[in-house]
Amino acid sequence: MRCMKTTEHGWKVLDEKAGVLSFTYTFSGGATANAFTARLASGGLLVLSAPPKVSQAQVDDLAAYGPVEAIVANNGLHHLGIARWRELFPGARCFAAAAAKARIEKKSRDAGELETLDALTPLLGDAVTFVEAPAARHGESWAHVRLEDGYAWYASDLLANLEQLPPSFVVSRLFKWTKSAPGYRPFNLAHKLMLKDRKVALKAMLDDVRAHPPRVMVPGHGAVLASDSLAADTERLLEAAIG
């Protein structure tokens with residue numbers, strides 16, 4: 001099991017050298033999501049799925065790992081924090097996959113204009129990779145970062161690791177019916193909303209997991225995972241989901 005420390009104001013430090021941290025934040029109705037950071041080629045930080053309600057102290061915790069230079073929405077729904085982070089870091093550039101960019105600019109008055117992932121790629125260097133999921137409606141994308149002992153992944157809304165069902169009776173029934181929780185599994189409820197062809201998207205992720213085996217997994221929603229068996233566990237659950 002990987003040893004993880006936590007900053008004073010709640011960021012989990014998953015790999016200090018690579019600038020990989022995660023942060024769990026709340027949004028509408030008390031639901032939670034995860035932010036993720038990684039170090040760019042310049043030494044600055046990329047922030048993925050930026051928290052919409054973040055204190056100055058929480059932001060200051062990141063200063064030790066580099067200045068924030070890129071803010072990325074991993075899909076067309078994880079955009080609530082972009083406006084806040086633009087205010088905090090006016091020099092940072094903001095990005096999203098093309099389909100996510102179109103949806104965010106249509107739905108949000110505050111997010112502002114976004115650049116596509118093609119414009120982000122030159123900033124990443126050799127260690128950080130973004131993959132836009134095929135057959136996605138809203139620009140679903142995942143990321144992984146090369147570590148000394150494998151890869152740290154941000155799975156976006158393709159995988160979840162919710163420890164319990166949501167408190168709402170209706171929502172909990174939807175999660176249970178779609179087998180989206182509890183535990184580490186494909187986020188099947190989100191797939192119904194976000195993917196045109198679920199098997200195509202999950203097969204692409206499976207191929208990428210085999211090529212870049214995760215030692216750390218940060219799902220879009222739920223607890224961070226870190227273990228020696230994580231890559232094999234992830235392969236098995238994706239294989240089962242594809243059928």
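To be clear, the structure that these remarks concern was listed above.
Residues numbered from 1 in each chain as written. Predicted model: local features only at pLDDT ≥ 70, side-chain atom pairs only at ≥ 80, totals over all residues. Heavy atoms only, no water.

With respect to the sheet that holds strand 5 (residues 45-48)
Taken together, the 7 strands give an open sheet; going across it, the order is 1-2-3-4-5-6-7, and neighbouring strands pair in mixed fashion. Strands at the two margins of the open sheet, each flanked by one partner only, are strand 1 (5-6) and strand 7 (93-96). Examined bridge by bridge, strand 2 (residues 12-15) and strand 3 (residues 20-26) share 3 bridges and lie antiparallel to one another. When the bridges of strand 3 are listed, aspartate 15 appears paired with valine 20. (Pairing = 2+ DSSP bridges. Helix = DSSP H or I, 4+ residues; strand = E, 2+ residues; numbered from the N terminus.)

Quick notes on the side chain of asparagine 75
Considering the arrangement of structural elements, one finds asparagine 75 in the loop between strand 6 (68-73) and helix 2 (82-88). Here leucine 77 takes part through its backbone nitrogen, which lies 2.9 Å from a polar atom of the side chain of asparagine 75. With near-sequence residues (within four places) excluded, asparagine 75 lies in contact with Ala100, Ile104, His138, Gly139, Glu140, Ser156, Asp157 and Met194. (Polar contact = N/O pair within 3.5 Å; in protein donor to acceptor, adjacent residues only side chain to side chain. Contact = heavy atoms within 4.5 Å.)

Regarding the nonpolar core
Core analysis: the largest hydrophobic core is formed by 54 residues, its most contacted members being Leu46, Trp85, Leu120 and Phe130. Looking at which element gives the most residues to this core, the answer is strand 6, with 5 residues. Dropping the residues within four chain positions of it, leucine 46 is found in contact with Phe36, Thr37, Ala38, Leu40, Ala70, Val72, Leu120, Leu124 and Phe130. (Core = buried A, V, L, I, M, F, W, Y, C linked by side-chain atoms within 4.5 Å. Buried < 20%, exposed > 50% of the residue type's maximum accessible area, 1.4 Å probe, protein only.)

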